[in-house]
Amino acid sequence: MNRMSRRGVIAATAAGGAALGATMARAASFGNPDSPPQGAVNVTNPQSLTIPGPHDSGLAGTMPTFLDPPPTDVGSMPEFWASFNLAQRRIQDGGWGRQVTQADFAISSEISGVNMRLSAGGIRELHWHQQAEWAIMTYGNCRVTVLDAQGRPYVADVTEGDLWYFPAGLPHSLQGLGPDGAEFVLAFDNGVSSEFNTLPATDWMAHTPPDVLAKNFGVPAEAFKNIPLQNRWIFQGTVPPPLEDVRNAMASKAGAPEFPFTFSLAQAPKVSDNKGGFVQIADSSNFKVSTTVAAGLVTIRPGALRTMHWHPNADEWQYYLKGTGRMTVFDAGPAANTANFHPGDIGYVKKGLGHYIENTGNTDLVMLAVFRSPRYEEVSFSNWLAHSPPDMVAATFNLDPDVVASFPRGAPDMMPE
Ligand code: MN
Ligand code: MN
């Protein structure tokens, strides 16, 4: 058999065909749709599979699904994989930053991502910007400060699994704490945002006439004779005093903000928890200040599946923290494309497009799903079919009604249940 139809593959599999060749083995997961004739399943000449031209097998080898797409993949779609691992670091004394913005990753229109490290005492200088900043701590300890629009100061110390959210325009700072500083990932709620295009307090001061500074701050112009003439972005400072001392020193008659600007996502309740894994959610329902960003921290057990679903309200920006997996995205066309993900990688799924994630490793796969939306929302494929007219579902897919009746009805985020 040179070319396998979907029906033919099912028949061969059912017959337990002992002499399945490599091509047929690859097709054992149903084979490519009969049209268009895309995929290795259609290949009769082995030369059709080789890559004799220039290539880097080390780099290419990290993405086996690009080299050898699953037989059900079809069509093409804009690249939805990127990685901080391949982004250049801007290093200064005190830490470093690297980013993947829409300029680097065209599909990423709603979120821009930054990965940053601060040493113990390292300071990301006082600054603000036009977009909101959402962040997750991935390592160590950090102190954050922010002043809200009512003039109420906030300071908190955060650790791995904690979030912060700074609404657009609110001024803030970050500083690494002991013993080994911090690493974190920022998500700006606009894909064109750049970490290197924020508004640093130093730049404004350096580009204001000394007599204006004197009037503005009510001190002699001479007091500003040593201000830096270039912004500092990240610089090495000393590890700050205990949190309570700093909070007292920052206190205002205006009081403290009504809601905290930090949140422990790692400690958040598991909204979905079964054999396949669990999800923890932070959005404006529990992390009140986070009015433009919602997030889900997803843990997928070895062998488990993050079930087929989509999000009706926003694009999904993903950050992979632990383990290895692969995601397939489905769009009209039809198009179904798969990519592999490793720690430090970024995925992106446009609003409403179907997708699922498989854990391909022996350890938990932990990934973050971030949305430019006040609320986390998803639609489960199995839940939809379980709650549609059973006869219609059975007739549409040529399924036995008993099979339809056994579909999970609780919209499980992971399977097995
Ligand atoms: Mn910022
Ligand atoms: Mn999703």
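The structure presented is a predicted model; accordingly, all values stated were derived computationally and were not measured.

(A) Highlighting the domain arrangement of the chain. As assigned here, the chain comprises domain 1 (6–67), domain 2 (91–262) and domain 3 (269–415). Centre-to-centre, using C-alpha coordinates, domain 2 lies 33 Å away from domain 3. Interface area for domain 2 against domain 3, summed over the two sides, is near 2,100 Å², with a carbon-plus-sulfur share of 72%. Among the residues of domain 2 in contact with domain 3, Glu110, Trp134 and Tyr165 are the three that bury the most area, contributing 30% of the side total. Linking domain 2 with domain 3 are 2 salt bridges. Its salt-bridge partner being Glu160, residue Lys322 comes within 3.9 Å of it at the nearest N-O pair.

(B) Fine view of the packing of aromatic side chains. As enumerated under the stated definition, the model contains 14 aromatic pairs in all. Look at Phe84 and Tyr319: their rings are 5.8 Å apart centre to centre, the planes differ by 65°, and that puts the pair in the edge-to-face class. Placement of Phe84 in the loop between β1 (81–83) and β2 (90–92) and of Tyr319 in strand β18 (residues 316–322) is noted, with a sequence separation of 235 residues between them. With relative accessibility at 1%, the residue Phe84 sits in the buried group. Both rings, one in Phe371 and one in Tyr376, keep their centres 5.4 Å apart while their planes meet at 85°; by these two values the pair is edge-to-face.

(C) Geometry of the pattern of salt bridges. Evaluated as defined, the whole model comprises 14 salt bridges. Arg301 serves as the salt-bridge partner of Asp364, at 2.7 Å between the closest nitrogen and oxygen. Of this pair, Asp364 sits in the loop between β22 (354–359) and β23 (365–371) while Arg301 sits in the loop between β16 (294–300) and β17 (305–310), and the two are 63 residues apart along the sequence. The exposure class assigned to Arg301 is partly exposed, which follows from its relative accessible area of 28%. Counted as one network, the salt bridges with shared partners bring together Arg306, Glu378 and Asp413.

(D) Seen up close, the pairing of strand β19 (residues 325–331). As paired elements, β19 and strand β20 (residues 335–341) share 7 bridges and run antiparallel to each other. The residue bridging Asp331 from the neighbouring strand is Ala335, located in β20. Hairpin connection between β19 and β20: a loop of 3 residues separates the two successive antiparallel strands, and Gly333 in this loop has a positive phi of roughly 145°. Where β19 and β22 come together, 6 bridges link them in antiparallel fashion. Bridge assignment links Thr328 to a residue of β22, and that residue is Tyr356.

(E) Broad picture of the side chain of Ser290. With respect to the secondary-structure elements, Ser290 resides in the loop between β15 (277–282) and β16. Overall, the relative accessible area of 0% leaves Ser290 in the buried class.

Scoring rules and cut-offs
Residues numbered from 1 in each chain as written. Chains lettered and ligands numbered in written order. Predicted model: local features only at pLDDT ≥ 70, side-chain atom pairs only at ≥ 80, totals over all residues. Heavy atoms only, no water. Domains from an automatic or database assignment. Buried area = accessible area lost by both parts, 1.4 Å probe. Salt bridge = Lys/Arg side-chain N within 4 Å of Asp/Glu carboxyl O. Phe/Tyr/Trp six-rings, centres within 6.5 Å; stacked < 30°, edge-to-face > 60°. Helix = DSSP H or I, 4+ residues; strand = E, 2+ residues; numbered from the N terminus. Buried < 20%, exposed > 50% of the residue type's maximum accessible area, 1.4 Å probe, protein only. Pairing = 2+ DSSP bridges.

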